[in-house]
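Below are the chains, spelled out letter by letter.
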Amino acid sequence: MLFFIFYGFKIKHFCLLLNRTVFGGAYRTVACYYRATPYILQTMGLFDKIFGTSDKIKVQFIDNFNGQTIGVSEMKADQLPETFSVPTTMHIQDSDWNVEEANPENSIDFVKTKSLVLKMRKIEKANPNDIWFTTPTISNEFPQKVATTRQTEFDIHILEDDYRHKEFLNLNALPLIEQEFIGIKNIWDNDSKKSDDYTLFKNCHVRKVIGSPNLIINFNELKAILKCSSTGLVLINGEALLNGFAITTENTTYFGTLNIDTVTELCISQWNENSTREILEINKAFNLLFVNWYHCDIIKND
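About the thresholds
- Residues numbered from 1 in each chain as written.
- Predicted model: local features only at pLDDT ≥ 70, side-chain atom pairs only at ≥ 80, totals over all residues.
- Heavy atoms only, no water.
- Axes fitted to C-alpha atoms, helices over the stretch in contact; angles between N-to-C directions.
- Helix = DSSP H or I, 4+ residues; strand = E, 2+ residues; numbered from the N terminus.
- Left-handed = near helix turned anticlockwise from the far one by under 90°.
- Contact = heavy atoms within 4.5 Å.
- Nonpolar A, V, L, I, M, F, W, Y, C, P; charged D, E, K, R; others polar.
- 1 Å grid on protein atoms, 1.4 Å probe; cavity = no way out; pocket = protein on both sides within 12 Å on 5 of 7 lines; lining within 4 Å.
- Points joined across faces, edges and corners; volume = space filled by probe spheres on them.
- Pairing = 2+ DSSP bridges.
- pLDDT = per-residue confidence, 0-100.
- Core = buried A, V, L, I, M, F, W, Y, C linked by side-chain atoms within 4.5 Å.
- Buried < 20%, exposed > 50% of the residue type's maximum accessible area, 1.4 Å probe, protein only.
- Arc of directions from axis to C-beta.
- Polar contact = N/O pair within 3.5 Å; in protein donor to acceptor, adjacent residues only side chain to side chain.
- Phe/Tyr/Trp six-rings, centres within 6.5 Å; stacked < 30°, edge-to-face > 60°.
- Lys NZ or Arg CZ within 6 Å of the ring centre and 35° of its normal.

**Observations concerning the packing of helix H5 (residues 219-226) against helix H6 (residues 275-286)**
Following both chains from N to C, one finds H5 and H6 inclined at 145 degrees, their axes separated by 10 Å at the closest point. Read as a crossing pair, H5 and H6 show a hand that is right-handed. Contacts from Glu221, Leu222, Ile225 and Leu226 of H5 reach H6 at Glu278, Glu281, Ile282, Ala285 and Phe286. The class makeup of the residues in the contact of H5 with H6 is six nonpolar, no polar and three charged.

Here it is, written out as structure tokens:
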């Protein structure tokens, strides 16, 4: 991201006369905001005749949201970037604007034509007090992703925030689970609000205590228990989960990560009321427990 701010001009009579911008009817320099009068713009053409052709570029700034002109300025080439082919941000009228389109795009062209049109969109800054989360907790470990062009019999799509939201863990992780539950329940009790359709959360508990699952599950045994043979990919924001897999049964869609033929992470993305039987079978076969972090629920074989 190229961040470009117009430079102010020296306070000299000659420079003050030549470097003016019209914003909302007020005559200003782009960065210094010194006041001028209509007489100044009328004399610009006279100064050009006295001192020769102006080397300035007429720049028109357009709000790409509504098509209205923000302002018009005459500027020197060294006050503009060499190209707008890379993402560019400009600071105008105490606000930051992204340049979405430039005509022409490169300085070699607008220096020749002495004309430049910039279509821009104002960067809206969110009020932190208006930000709410859709989940009370997220994993401290982000999913590792890779680009993929491979297609499988089926692929599942998950959101990055839903990674490890419903997962299997080793039994010895129970004390750490209880510690994480304390933070999540605090969010539910003190930082949540309910609407007709969903619950929003003012804060979000990051699960830092639990760490990686480090499961040791034979992948072929798991597929045999679940009576499924087809394996798909896990897609997150258009990329594939590194070493990821997805398998599905009549009731449940599972996903996780593999180290060759060993499952190191095992999660659920879709389930129903009949999934509990499958979860109990997996717990018993591999000495595990199942956690739904969102609701602070545990399923284990008692």
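**A short note on empty space enclosed by the protein**
Regions of empty space are outlined by a rolling probe, equal in size to a water molecule, passed over the atoms. According to the stated counting rule, one finds two cavities of 30 Å³ or more in the structure shown. Space inside the largest cavity adds up to approximately 60 Å³. In terms of lining, the largest cavity is formed by Ile138, Ser139, Glu141, Phe142, Pro143, Glu160, Asp161 and Tyr163. Partitioned by chemical class, the residues of the lining of the largest cavity number four nonpolar, one polar and three charged.

**Observations concerning the pairing of strand E21 (residues 262-270)**
Side-chain direction in a regular strand flips from residue to residue, so the side chains alternate between the two faces of the sheet. With two bridges connecting them, strand E16 (residues 217-218) and E21 associate as antiparallel partners. By the bridge assignment, Ile217 is partnered in E21 with Val263. Following strand E20 (residues 253-259), the chain reverses through two residues before pairing antiparallel with E21; Ile260 in that reversal takes a positive phi of roughly 60 degrees.

**Things to note about the confidence of the model for the chain**
Mean pLDDT for the chain: 81, with 80% of residues reaching 70 or above. Across residues 1-52, where pLDDT falls below 50, the model places 100 contacts with residues more than four positions away in sequence or in other chains.

**Some details on the nonpolar core**
Judged by nonpolar contacts, the single largest core of 20 residues is most densely connected at Phe168, Leu222, Leu266 and Ile282. Mapped onto this core, the elements with two or more residues apiece are H5, strand E19 (244-248), E20, E21, H6 and strand E22 (288-292). Excluding its chain neighbours within four sequence positions, the residues that come into contact with Leu266 are Lys166, Glu167, Phe168, Leu215, Ile217, Leu222, Phe245, Tyr254, Phe255, Gly256 and Ile282. Phe61, Ile70, Trp97 and Met120 belong to the second-largest nonpolar core, a separate cluster that totals 16 residues.

**Digging into the sheet that holds strand E11 (residues 155-157)**
Strand order in this open sheet of four strands is E10-E18-E17-E11, and the pairing throughout is mixed. Across the chains shown, the open sheet's two edge strands, defined by having one partner strand only, are strand E10 (145-146) and E11. Pairing of strand E17 (residues 233-236) with strand E18 (residues 239-241) involves two bridges; the strand directions are antiparallel. Along E18, the bridge assignment pairs Leu235 with Ala240.

**Quick notes on the environment of Lys125**
Residue position: Lys125 is located in the loop between strand E8 (115-122) and strand E9 (137-139). For the pair formed by Lys125 and Ser95, sequence separation is 30 residues and the distance between their alpha carbons is 9.8 Å.

**Some words on H5**
Turning to H5, its buried residues number three or more, namely Phe219, Leu222, Lys223 and Leu226. In an axial view of H5, the angular spread of the buried residues amounts to 95 degrees, which keeps them on one side of the axis. Tucked inside the fold, the buried residues of H5 contact E16, E19, E20, E21 and H6. For H5, the capping residue at the N-terminal end is Asn218, with a side-chain oxygen 3.0 Å from the backbone nitrogen of Asn220. At the C-terminal side of H5, Lys227 shows a positive phi close to 55 degrees.

**A word on the packing of aromatic side chains**
Per the stated rule, a full pass over the model turns up eight aromatic pairs. Through a chain of ring-to-ring contacts, three or more aromatic side chains come together here, namely Phe168, Trp271 and Phe290. Across from the ring centre of Trp132, 4.2 Å away, lies the NZ or CZ of Lys193, which sits over that ring.

**Considering the environment of Asn274**
Note on placement: Asn274 falls in the loop between E21 and H6. Using a relative accessible area of 40% as the deciding quantity, one classes Asn274 as partly exposed. In this structure, the C-alpha to C-alpha distance between Asn274 and Thr252, residues 22 residues apart in sequence, is 8.4 Å.

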